[in-house]
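Coordinates in review
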Amino acid sequence: MPEGPSVRKFQLLASRFVGQVVTKVGGSTGKINVNDLNALRLQDSQVHGKNLFLAFVAAGCPLRPSTEEPVPQGEAASGTSSPAQVSAPQTQPEEEEPQELQCSRPDAPGAVGGPGSWLRFHFGLFGSVRTNEFSRANRANKRGDWKDPMPRLVLHFENGGFLVFYNCQMQWCSSPVADPASDILSAEFHRGQALDALRAPSPVCYTLLDQRYFSGLGNIIKNEILYLAKIHPLTRGSVLAPSDLEHLLDCAIQFSSDWLQSKLRGEGLHLQIYHKERCPLGHAVMKATFGPLSGYKRLTWWCPQCQPAVLSGVREPTPVTE
């Protein structure tokens, strides 16, 4: 599912419509009444980790000053508009992680579009945002049909452009509940808080996915930075030297920033270990599913030679195959 850098790009794509009034709505979502968005003005956009927040107000409300950065073109290529109203059932599976943010729905329908009405988006597997174009099938499904992905939400704006949201869950919120100190791509990211979390006697591959301390860091980033830092995924943070923890955190911040910049330039991401059979040095890569006993389990790739186990008594897991 989309990680922090992808959702940052989604926010930049949406920000180009701030100040515009919604003129048509559509989408297959059953989580919200899409008609509530009709004739509202997109007031603001924010991102926190893997969550996108859009604020909507009545069209007559004054527009607050915007400080958003210009949106690079990337996925925001112009395309031919398709009919706005979409009502077919969803066709893509949902894959949802435990939620780190809690949102509350406005108490009454009249609150939608009033001050403080935010719509929260959390993206599932293959979730995405497009501007002025719809996603097209690039392969046949299991039944052999070439069927285009079904949008969860389509917002047409008064300037003629439109936003399309795929495979996401939506929920009305009174406000974004966000902690910039835990967002790895925020200027307010708290390095000391992150290092304290990494020092815990838990495997570092568990801690890195804890959105309380590393919001926006997902499985791709986890695998890549552990390889870059040459740390075995099951190494307990409490046995790592302070310099190793500092280096791991540097890798997390730098890799996430580089990934975002490559997305904004429309370039692909060069992966070294994730979904690889061999590491860049030619060693065989191992794969296993790791996670807390009561938590979310994720596939992990590592090189036993580049990332040797450092804990006595911990056996190398048996590699698993596709």
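Residues numbered from 1 in each chain as written. Predicted model: local features only at pLDDT ≥ 70, side-chain atom pairs only at ≥ 80, totals over all residues. Heavy atoms only, no water.

**A look at the overall build of the protein chain**
Within the protein chain, the secondary structure is distributed over 5 helices and 8 strands. For the protein chain, the α and β elements follow one another from N to C terminus as α-β-β-β-β-β-β-α-α-α-α-β-β. Here the protein chain, with 322 residues, has 52% of them falling under the buried criterion. About 15200 Å² of surface is accessible on the protein chain, with carbon and sulfur atoms providing 51% of the total. (Helix = DSSP H or I, 4+ residues; strand = E, 2+ residues; numbered from the N terminus. Buried < 20%, exposed > 50% of the residue type's maximum accessible area, 1.4 Å probe, protein only. Areas by Shrake-Rupley, 256 points an atom, 1.4 Å probe, with all protein chains shown as cover.)

**Quick look at helix α2 (residues 191–198)**
Turning to α2, its buried residues number three or more, namely Ala194, Leu195, Ala197 and Leu198. Viewed end-on, α2 has its buried residues packed into an arc of 160°, placing them on one side of the element. Buried residues in α2 make contact with α3 (204–207) and α5 (242–264). (Arc of directions from axis to C-beta. Contact = heavy atoms within 4.5 Å.)

**So, the packing of α2 against α5**
The N-to-C vectors of α2 and α5 enclose an angle of 120°; their axes lie 10 Å apart at closest approach. Accordingly, the angle class assigned to the pair α2 and α5 is oblique. Crossing angle aside, the handedness with which α2 passes α5 is right-handed. Residues Arg191, Ala194, Leu195 and Leu198 of α2 pack against Leu245, Glu246, Leu248, Leu249, Asp250 and Ile253 of α5. Taken together, the residues of the contact of α2 with α5 break down into 7 nonpolar, no polar and 3 charged. (Axes fitted to C-alpha atoms, helices over the stretch in contact; angles between N-to-C directions. Parallel < 35°, antiparallel > 145°, perpendicular 65-115°, else oblique. Left-handed = near helix turned anticlockwise from the far one by under 90°. Nonpolar A, V, L, I, M, F, W, Y, C, P; charged D, E, K, R; others polar.)

**Examining the nonpolar core**
Residues Leu208, Phe214, Leu217, Ile225 and Leu248 are the most contacted members of the largest nonpolar core, which totals 41 residues. For this core, the elements supplying multiple residues, two or more each, are α2, α3, α4 (219–228), α5, β7 (286–290) and β8 (298–302). Here this core takes 8 residues from α5, the largest share from any one element. Those residues in contact with leucine 217 that sit more than four places away from it in its chain are Glu3, Lys50, Ile184, Leu208, Leu209, Gln211, Lys222, Ile225 and Ala252. (Core = buried A, V, L, I, M, F, W, Y, C linked by side-chain atoms within 4.5 Å.)

**Topic: the state of the cysteines**
Across all of its chains, the model carries 0 disulfides by this definition. Take cysteine 279: it sits in no disulfide, and the sulfur closest to it among the cysteines is that of cysteine 303, at 3.9 Å. (Disulfide = S-S within 2.5 Å.)

**Section: the sheet that holds strand β2 (residues 40–48)**
Each strand in a sheet pairs with its neighbour through backbone hydrogen bonds, running either in the same direction (parallel) or in the opposite one (antiparallel). Across the sheet, 6 strands lie side by side as β1-β5-β6-β4-β3-β2; this open sheet has antiparallel pairing. In the strand order of this sheet, the two ends are held by β1 (22–26) and β2, each with one partner. Neighbour-to-neighbour, the strand axes of this sheet turn through a mean angle of 40°, independent of strand direction. The pairing of strand β5 (residues 151–157) with strand β6 (residues 162–173) spans 5 bridges and is antiparallel. Residue pairing in the sheet places leucine 155 in a bridge with leucine 163 of β6. (Pairing = 2+ DSSP bridges.)

**Structural notes on the packing of α4 against α5**
Relative orientation of the contacting elements α4 and α5 amounts to 130°, with a least axis distance of 9 Å. For the element pair α4 / α5, the angle class is oblique. Crossing of α4 against α5: the hand is right-handed. Of the residues in α5, those touching α4 at Ile220, Ile221, Glu224, Ile225, Leu226 and Leu228 are His247, Leu248, Cys251, Ala252, Phe255, Ser256 and Trp259. Here the residues of the contact of α4 with α5 sort into 10 nonpolar, 2 polar and 1 charged.

**Looking at the confidence of the model for the protein chain**
The predicted coordinates ought not to be read in detail in places where the model reports low pLDDT. Summary statistics for the protein chain give a mean pLDDT of 82 and a share of 80% for residues scoring 70 or more. Here strand β4 (residues 118–131) is the element of the protein chain with the lowest mean pLDDT, 93, and α4 is the one with the highest, 98. In the model, residues 67–110 has pLDDT below 50 throughout and makes 112 contacts with residues more than four positions away in sequence or in other chains. Counting contacts from residues 318–322, a segment whose pLDDT is below 50, to residues more than four positions away or on other chains yields 11 contacts. (pLDDT = per-residue confidence, 0-100.)

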